[in-house]
Amino acid sequence: MAEDYAVHVVRVIDGDSVKVQLPNGDEYSVRMYGIDAPEKDQRAGRDSHDHLRRVVRSRREWRLRVVDVDRYQRLVGVLYPEGGSVRDSANHAMVESGLAYWYREYGGAELGFDDSERFAKRERAGVWGQQGSVKPWDHRRAKRAQQRQSREAAESPWVILIGGVFKLVGAVLVAMLKASASSSGGRRRRRRRRRGW
């Protein structure tokens, strides 16, 4: 696909996604190729977002080399400075800062992301300097598993059965209390009549 456009970065969505505007005014969400940044609910998520914002603001003119379109219909590309090379990309800057991982499963070796990540590891930059960092893809997988477990527990036949039993027992108790209250009220009235009240 590899198309190249002059773009204006409208906003930074997170550490690996931006919204851009083409010269004709069309706006697109862009997933940055070859990298994966910590999610917003992860420890380095905010730092990652803020760092990409600083990188984007460091230059006025950017280009986007589009390499694909993902399943969410976002453009997937390399954001690099006008007049520069793809090796000077914001994608590289994020990996070198240690605030994004090289997402090797989706490519990027041909652009030198392996070198950028080696540099970040050596410098213990960003996530590489944090104890117990969880890669974003592992974080998302664990979150999906947890959501699936919760959903399955909520849909479990035992949970549904137990919920139904509790409702039934509750209804029976309410009916018994009402019956008891009305029969004790009737007994009191009968006693009053007998005593001549």
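Keep in mind that what you see is a predicted model, and the values were worked out from it rather than measured.

### Topic: the pattern of salt bridges
And then number 1: For the structure on display, the rule yields 14 salt bridges.
And then number 2: The salt bridge involving D41 is made with K143; its shortest N-O contact spans 2.8 Å. On the criterion of sequence distance, the pair formed by D41 in the loop between β4 (35-36) and α1 (45-57) and K143 in helix α4 (residues 136-155) is long-range, its members being 102 residues apart.
And then number 3: The shortest N-O distance in the salt bridge between D70 and R74 comes to 2.7 Å.

### Brief notes about the packing of aromatic side chains
And then number 1: Per the stated rule, a full pass over the model turns up four aromatic pairs.
And then number 2: Ring centres of Y101 and W137 lie 5.7 Å apart, and the angle between their planes is 70°; on these two criteria the pair is classed as edge-to-face. Of this pair, Y101 sits in strand β7 (residues 101-102) while W137 sits in helix α4; the two residues are 36 residues apart in sequence, bridging distant segments of the chain.
And then number 3: Grouping aromatic residues by their ring pairs yields a cluster made of Y101, Y103, Y106, W128 and W137.

Cut-offs applied
- Residues numbered from 1 in each chain as written.
- Predicted model: local features only at pLDDT ≥ 70, side-chain atom pairs only at ≥ 80, totals over all residues.
- Heavy atoms only, no water.
- Salt bridge = Lys/Arg side-chain N within 4 Å of Asp/Glu carboxyl O.
- Helix = DSSP H or I, 4+ residues; strand = E, 2+ residues; numbered from the N terminus.
- Phe/Tyr/Trp six-rings, centres within 6.5 Å; stacked < 30°, edge-to-face > 60°.

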